[in-house]
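Spelled out from the first residue to the last, the chains are:
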Amino acid sequence: MMRKRALVLEGGGLRGNYTAGVLDAFLDADIWFPLVIGVSAGAGMGCSFVSGQRGRNLRVLKEYRSDPRYLSIRSFIKTGSLFGLDFIYDDIPNRLIPFDFKAFYENPARFVSVCTDCAAGRAIYCEKDADVLTAMKGSSALPYVSRMVDYRGHKLLDGAISDPIPLQKAYDEGFRGNVVVLTRPAAYRRKEEFHPPPALFYRRWPALVKLLKGHTERYNRALELVEAEAAAGRITLIRPSADLGITRVEKSIPRLTAAYELGLSDGRAAAAGIKGAGPPPCE
C-alpha cells in the first residue's frame, strides 16, 4: 500500500528532462505516490510517471524537440504560444506518441496540475479528470509568450506564477515525508529577469499583474521552505547534482539527453532512501 507522501515536481521548461530521468528511476525501483503534484513541465513529465510509461518523455524529446511545432518563433507567430501547446498536449499524446490514458486513470494516485487563475490572481489545482490535457496546457502557458488557456470558466497561465514549488499545498492536504524534485542545482536563487511591464500585457487582469510583480520573491520563498524542510529531514529533496547548463528553451538534444541521464542517476541514488522512508502506510 502506498505511503501518504506526495511527489512535488517543479517546472522549468526543457530543464524538466532532468525530472523525466528521476521519474524513470522511480519506475525502475517501483516507487509510487498517492499524490503527484506538478507545475508546468513538472506536470508534463509527471503524467507519464502516473501512466507508468517509462522512457516516453525521452522519446518525445528526441523525436520532436527539433520540430518547429514544438517550440519556435514560427509557433509563436502561428498560434500565439512559443511552446506549441496544442501540438504538445494534443497531437503528441493523442496521435504521435500515444499517452496511456487507461493506465493513467486506473492508477489510484491523484494527479494535480498547478495553474494560475488569471482573473482571481491565485493558484488553481486541477485534479485528474477528463480535461487533464487542457489543465496541463494551462499549467505550461508561459506569461508574455503564450495565450491564456480556457478551462472550465477560468483563464489559465503557468502555475509557476502563483505556486512555483507546491510543497505547502502537499502539507495542507495532509501529506508528510514528501519528495520534491527541482530542476536547478544547490545555491540557485532566482534573479529579476527583464520583461515588459506586466500592465502593458495584462491591464485587464490586475490580479495577474500583481502576481507577476512578486514572482521572483515568491519563488525564492518557496525554495527557502523546501531547503529548510530538507535540512530538517522532513522531506527528500532531489535536485541536479551538477549544473545542467541548459535553459528552459534549450535547443541541444545532446545536452537535454545529458540532463535526463543525470536525473536518472540522481533518481537511482535517492531511490533506496525513498522506498524505506516516510510515515506508516495509508489505511
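Computed from a predicted model, the values in this text were never measured in an experiment. (Residues numbered from 1 in each chain as written. Predicted model: local features only at pLDDT ≥ 70, side-chain atom pairs only at ≥ 80, totals over all residues. Heavy atoms only, no water.)

## As for the pairing of strand β3 (residues 110-117)
Counting buried residues along β3, seven of its eight residues qualify, which places the element largely inside the surrounding structure. Pairing geometry for strand β2 (residues 35-39) and β3, over five bridges, is parallel. Paired with Leu35 across the bridge in β3 is Arg110. One ladder, built from five bridges, connects β3 with strand β4 (residues 122-126); its direction is antiparallel. Paired with Asp117 across the bridge in β4 is Arg122. Between the antiparallel neighbours β3 and β4 lie four residues, among them Gly121 with a positive phi of about 65°. Where β3 and strand β6 (residues 154-158) come together, three bridges link them in antiparallel fashion. (Buried < 20%, exposed > 50% of the residue type's maximum accessible area, 1.4 Å probe, protein only. Helix = DSSP H or I, 4+ residues; strand = E, 2+ residues; numbered from the N terminus. Pairing = 2+ DSSP bridges.)

## So, the packing of aromatic side chains
Overall, the coordinates contain 15 aromatic pairs when judged by the stated rule. Ring geometry for Tyr70 against Phe83: centres 6.4 Å apart, planes inclined by 65°, an arrangement best described as edge-to-face. Of this pair, Tyr70 sits in the loop between α3 (56-64) and α4 (73-79) while Phe83 sits in the loop between α4 and α5 (85-96), placing them 13 residues apart in sequence. The two residues Tyr70 and Phe83 agree in class, both being buried. Considering the side-chain rings of Tyr144 and Tyr202, the 5.9 Å spacing of their centres and the 45° angle between planes classify their relative orientation as tilted. Here Tyr144 is found in the loop between α7 (132-139) and β5 (149-151), whereas its partner Tyr202 is found in helix α9 (residues 198-202), with 58 residues between them in sequence. (Phe/Tyr/Trp six-rings, centres within 6.5 Å; stacked < 30°, edge-to-face > 60°.)

## Focus: the confidence of the model for the chain
When pLDDT is low, close inspection of the predicted coordinates is not appropriate. Mean pLDDT over the chain: 94, with 96% of residues reaching 70 or higher. The model gives residues 278-283 a pLDDT under 50, and that stretch makes 16 contacts with residues more than four places away or in other chains. (pLDDT = per-residue confidence, 0-100. Contact = heavy atoms within 4.5 Å.)

## With respect to the layout of surface pockets
In this structure, the second largest pocket spans a volume of roughly 350 Å³. Forming the walls of the second largest pocket are 17 residues, and the residues nearest its centre are Ser75, Thr79, Gly84, Leu85 and Asp86. Looking at the lining of the second largest pocket, the elements with two or more residues in it are α4 and α5. Residue classes in the lining of the second largest pocket are distributed as six nonpolar, four polar and seven charged. (1 Å grid on protein atoms, 1.4 Å probe; cavity = no way out; pocket = protein on both sides within 12 Å on 5 of 7 lines; lining within 4 Å. Points joined across faces, edges and corners; volume = space filled by probe spheres on them. Nonpolar A, V, L, I, M, F, W, Y, C, P; charged D, E, K, R; others polar.)

## Concerning a nonpolar patch on the surface
Side chains of Ile73, Phe76 and Ile77 sit close together on the surface and give an oily, nonpolar patch of about 320 Å² of accessible area. Considering the arrangement of structural elements, one finds Ile77 in helix α4. Ile77 sits in the exposed class, given a relative accessible area of 68%. (Patch = residues over 30% accessible without salt bridge, like charges linked within 9 Å, V, L, I, M, F, W, Y side chains within 5 Å. Areas by Shrake-Rupley, 256 points an atom, 1.4 Å probe, with all protein chains shown as cover. Salt bridge = Lys/Arg side-chain N within 4 Å of Asp/Glu carboxyl O.)

## A few points about empty space enclosed by the protein
Taken as a whole, this structure holds one cavity of 30 Å³ or more when the rule is applied. Lining the largest cavity, in full, are Leu23, Asp24, Leu27, Met45, Ser48, Phe49, Gln53, Gly55, Arg56 and Asn57. Contributions of two or more residues to the lining of the largest cavity are made by α1 (16-28), α2 (41-50) and α3. Partitioned by chemical class, the residues of the lining of the largest cavity number four nonpolar, four polar and two charged.

## Here we look at the side chain of Arg5
Summarising the element assignment, Arg5 is placed in the segment before β1 (6-9). Of the polar contacts made by the side chain of Arg5, one reaches the backbone oxygen of Ile274; its length is 2.8 Å. (Polar contact = N/O pair within 3.5 Å; in protein donor to acceptor, adjacent residues only side chain to side chain.)

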